[in-house]
Amino acid sequence: MSEPKQLSRLSPNRLLLGLNMGLADTLSFIVRISRRGVALKWAILLFAVFFCSLIGWWGFLKDGLTKSEALYRSLQLFVLGSGADAHGAKLQFARFFAVIVSVYAVLLTLLQCFIDRIRLYLPRLWSRHVIIAGLGSTGIQLVESFKKKNRPRHVVVIEHDESNVNIKTAESYGAIVLCGDASDPLMLKHAGIATARYLICGCREDETNLDIAMQASRILDRFFRHETLGNLKVYIHFADMAFYHLLFSHWLFTTRIDRLDIKTFNYFETAARLLMLKYPLERGKQDWEQGTVHLIIAGFGAMGEALLLQVAKIAHFANASQKTLRITILDKDEKVLQNKSDRLVQTLSMEKICDFELLNEDVENPAVRARMSEWANSKDVSAAIAICLDNEHFSAFCALELSRQVNTNVPIFIHISKKKGLARLFTGLGSNALKIKPDSVAHIIPFGMPEETSTPETLIDKELDILARAVYEDYQEKTKGPVRKWEDLEEWELISNRAQADHISVKLRAVTCYSASHPKDPGDPQIHQFSNTEIEIMSKMEHNRWNAERFLTGWKQYTGPVLWENLSVKEQVRIKNELHQSPYLVDWADLPEKIKDYDRNAVKNIFHILKRIHLNVYQNPD
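None of the values given here were measured: they were computed from a predicted structure. (Residues numbered from 1 in each chain as written. Predicted model: local features only at pLDDT ≥ 70, side-chain atom pairs only at ≥ 80, totals over all residues. Heavy atoms only, no water.)

(A) Focus on the overall build of the chain. The secondary structure content of the chain amounts to 23 helices and 17 strands. In the chain, which comprises 622 residues, the share counted as buried stands at 50%. When the accessible surface of the chain is split by element, carbon and sulfur atoms take 55% of a total near 31,400 Å². (Helix = DSSP H or I, 4+ residues; strand = E, 2+ residues; numbered from the N terminus. Buried < 20%, exposed > 50% of the residue type's maximum accessible area, 1.4 Å probe, protein only. Areas by Shrake-Rupley, 256 points an atom, 1.4 Å probe, with all protein chains shown as cover.)

(B) Quick look at the sheet that holds strand 8 (residues 325–330). Across the sheet, which stays open at both edges, the six strands sit in the order 9-8-7-10-11-12 with parallel pairing between neighbours. Strands at the two margins of the open sheet, each flanked by one partner only, are strand 9 (355–359) and strand 12 (444–447). Within this sheet the neighbouring strands show an average axis-to-axis angle of 15 degrees, counted without direction. The pairing of strand 7 (residues 292–298) with strand 8 spans six bridges and is parallel. Residue pairing across strands places Ala 298 opposite Leu 330, the latter belonging to strand 8. Along the sheet, helix 11 (residues 267–278) makes contact with strand 11 (412–415) and strand 12, crossing strand 11 at roughly 155 degrees. (Pairing = 2+ DSSP bridges. Axes fitted to C-alpha atoms, helices over the stretch in contact; angles between N-to-C directions. Contact = heavy atoms within 4.5 Å.)

(C) Seen up close, a nonpolar patch on the surface. Judged by side-chain polarity, Leu 80, Val 99, Val 103 and Leu 107 come together as a nonpolar surface patch covering roughly 360 Å² of accessible area. For Val 103, the position within the fold is in helix 4 (residues 89–125). (Patch = residues over 30% accessible without salt bridge, like charges linked within 9 Å, V, L, I, M, F, W, Y side chains within 5 Å. Salt bridge = Lys/Arg side-chain N within 4 Å of Asp/Glu carboxyl O.)

(D) Fine view of the packing of helix 12 (residues 302–314) against helix 20 (residues 532–552). Their axes nearest at 7 Å, the elements helix 12 and helix 20 cross at an angle of 140 degrees. Here helix 12 is positioned oblique relative to helix 20, judged by the angle of their axes. Contacts from Leu 309, Ala 312 and Lys 313 of helix 12 reach helix 20 at Arg 545, Ala 548 and Leu 552. When the residues that make up the contact of helix 12 with helix 20 are grouped by side-chain class, the tally is four nonpolar, no polar and two charged. (Parallel < 35°, antiparallel > 145°, perpendicular 65-115°, else oblique. Nonpolar A, V, L, I, M, F, W, Y, C, P; charged D, E, K, R; others polar.)

(E) Spotlight on the packing of aromatic side chains. Considering all chains together, one arrives at 12 aromatic pairs under this definition. With 6.3 Å between their ring centres and 15 degrees between their planes, Phe 47 and Phe 51 make a pair best called stacked. Here Phe 47 and its partner Phe 51 are both found in helix 2 (residues 38–62), four residues apart, which amounts to about one turn of the helix. For Phe 47, a relative accessible area of 58% corresponds to the exposed category. (Phe/Tyr/Trp six-rings, centres within 6.5 Å; stacked < 30°, edge-to-face > 60°.)

(F) The arrangement of the sheet that holds strand 2 (residues 155–159) in detail. Strand order in this open sheet of six strands is 3-2-1-4-5-6, and the pairing throughout is parallel. At either end of the open sheet lies a strand with only one pairing partner, and these are strand 3 (176–179) and strand 6 (260–265). Direction aside, neighbouring strands of the sheet carry axes that sit 15 degrees apart on average. Note: strand 1 (residues 130–133) against strand 4 (residues 198–201), four bridges, orientation parallel.

(G) Structural view of the environment of Glu 542. Along the chain, Glu 542 turns up in helix 20. Residues in contact with Glu 542, not counting those within four places in the same chain, are Gln 500, His 503, Lys 507, Asp 599 and Ala 602.

(H) Structural context of the nonpolar core. Core analysis: the biggest nonpolar cluster contains 69 residues, and Ile 297, Leu 307, Val 311, Ile 327, Met 350, Phe 413 and Phe 530 have the highest contact counts within it. Apart from residues lying up to four places away in sequence, Phe 530 is in contact with Leu 508, Val 511, Ile 535, Met 538, Val 603, Ile 606 and Phe 607. Trp 126, Ala 191, Ile 219 and Val 234 belong to the second-largest nonpolar core, a separate cluster that totals 31 residues. (Core = buried A, V, L, I, M, F, W, Y, C linked by side-chain atoms within 4.5 Å.)

(I) Focus on the confidence of the model for the chain. For the chain, mean pLDDT is 83; residues scoring 70 or higher make up 83% of the total. A low-confidence stretch, residues 1–13 (pLDDT under 50), is modelled with 29 contacts involving residues beyond four sequence positions or located in other chains. Low pLDDT, under 50, characterises residues 429–437; the stretch is placed with eight contacts to residues that sit more than four places away or in other chains. (pLDDT = per-residue confidence, 0-100.)

(J) Fine view of the pattern of salt bridges. Applying the stated criterion to the full structure yields 28 salt bridges. Among the salt bridges present, the one from Lys 233 reaches Asp 261, with a minimum N-O distance of 3.6 Å. Pair noted here: Lys 233 is in strand 5 (residues 232–237) and Asp 261 is in strand 6, with a separation of 28 residues, a long-range link. Judged by its relative accessible area of 30%, Lys 233 is partly exposed. Between Arg 612 and Glu 477 there is a salt bridge, with the nearest N and O atoms lying 3.2 Å from each other. Note that Arg 612 is positioned in helix 23 (residues 606–612) and Glu 477 in helix 18 (residues 466–479), a separation of 135 residues in sequence.

(K) A look at unusual backbone geometry. The backbone of Arg 128 shows a phi angle near 60 degrees, a positive value even though the residue is not glycine. The topology assignment puts Arg 128 in the loop between helix 4 and strand 1. For Arg 128, a relative accessible area of 31% corresponds to the partly exposed category. Non-glycine residue His 614 carries a positive phi angle of around 65 degrees. Of note, His 614 is situated in the loop between helix 23 and strand 17 (616–619).

(L) Molecular detail of the pairing of strand 11. Burial along strand 11 is two-sided: the residues Ile 412 and Ile 414 and Phe 413 and His 415 are all buried. Examined bridge by bridge, strand 10 (residues 381–387) and strand 11 share three bridges and lie parallel to one another. Residue pairing in the sheet places Ile 387 in a bridge with Ile 414 of strand 11. Here strand 11 pairs with strand 12 via four bridges, running parallel. Residue pairing in the sheet places His 415 in a bridge with Phe 447 of strand 12.

(M) Molecular detail of helix 11. Helix length check: helix 11 (12 residues) gives 17 Å between terminal C-alpha atoms against 16 Å at 1.5 Å per residue, within 8%. Among the 12 residues in helix 11, nine count as buried, and that is most of the element. Where helix 11 is concerned, the buried positions are Tyr 267, Phe 268, Glu 269, Thr 270, Ala 271, Ala 272, Arg 273, Leu 275 and Met 276. (Expected span 1.5 Å × (residues − 1).)

(N) Spotlight on the side chain of Ser 582. Along the chain, the position of Ser 582 falls in strand 16 (residues 581–582). When sequence neighbours within four positions are dropped, the list of residues in contact with Ser 582 reads Trp 546, Trp 555, Lys 556, Gln 557 and Tyr 558.

(O) Focus on the packing of helix 14 (residues 366–376) against helix 15 (residues 392–403). Orientation of helix 14 relative to helix 15, taken along the N-to-C sense of each, is 50 degrees, at an axis distance of 10 Å. When the axes of helix 14 and helix 15 are compared, the pair comes out oblique. The interaxial crossing formed by helix 14 with helix 15 has right-handed handedness. Contacts between helix 14 and helix 15 pair Arg 369, Met 372 and Ser 373 from the former with Phe 394, Phe 397, Cys 398, Glu 401 and Leu 402 from the latter. Its residues assigned to classes, the contact of helix 14 with helix 15 shows five nonpolar, one polar and two charged. (Left-handed = near helix turned anticlockwise from the far one by under 90°.)

Right, here's the structure in full:
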């Protein structure tokens, strides 16, 4: 097999690589300087020309020339065509100053003529930069965040729509924007893919994002990448989670690729996780044996579906002996409801996780909103409303209308794509102008803004995964299996650890506890173990969460002709790994005691997991 081709601009020698980076930094500095104050630079040039001409004209007049001849000779100073026989300090000053002005004019003109070409060539010289494909709301927010933090220093954007209004904004932040198809290998090479540190595929279409990642893989397979650069980290956005789950078995996600680390992200899933972590559905003390949590979702697009799935993963409470989670979804598009209903029931077994219903209703109808309010105000119900409509202006209208009809303890979540504009209505910034009392919108909570979901912290640093990593690392220590880093886990393993981590706070709230580095109230006692009753309560919750996690990844209850206990260990492993079936997807009461102990041990281990990230458990009886 032949050695991979080495790029002409890249050398395996570290010294040459350093010189290459030095040249890139120099040109980047020149570009930044040349693009600042362009009008001022030309104004300075014109003033210098006028000043030099005036001094020269005055000096030639002193030499006895006529006014016209003096003017002509003073203009010739700029092309070095006169002044050799000049006498007097004024003419000598004008003569040398004209040379400086001429050189300045030539350099300024050359820079303005070739600055765009230099800018487009710069990414080929850069290293450890970030490439962002797609300049939508997520892309532009990432550009802003990267440039503000100056980490990494250089950002390249590939955008296919030359009329995109975000292009000028991105360039104002200092990013270089290349207009073209990001899935074109030539465009990726122009963006410096061989020496980049990150590639973020954030285009609108999932297929395009997948194609970009595959092209990057092929390019790195053919060209040399210096070992000091490490692997290229590729982040692929998938809006359609059903499509994503179909790709679990694709080689791009299951095969360890040299020079390439591939991860996925979903803007809607991140928004749903952040919302549920910050605003849990269960609120305060409630009668866990009778109470019901009811989430009403208006709009079943990508955001509505992501919220449903996140709630189904973690909303398993202390009254888990009954189906106490109720989810009602309203959407006016009957076809969308039917298509998603088939997947929710047949593939994800949603009916085994919670009581859910899909209603073909239009929330524009006042009668429908009145019914939503009636559900939310029901007794013995902890209700919440999530408005996830495509039309954000109408979403704001619905939120304001519902806020007048439901109790103030019912949160109304509204999906908004920007922190500015409509979001200001519900954060107190714009309420005075509209004469809306702040209290009347206090329970309207905007979520899903890119400023919160599309940042380097959530995407690259994975701040949301700090606890999930601790869960996995603790498990890794106890199992004594083959050591694998968090970054090497497959996507289904990451999802599993995230769900377990997100549910820890739900368990703690069920026994009036919380985790923190310091107590919220000085009187809150720190606890070091749970009582047997608390362990049993949280173990039931953990088992129901585990059931939901398995169902949502396509697992089914084992119904084979041979009892599970009579199967060989090898056959049991085959059924689990290949058929995704388990005999333990049953109610808590039907579990063998040996299996129940796994859930009990998981609960007891909460203290140890939290200690790994310097958190303690405190009790808040109030």
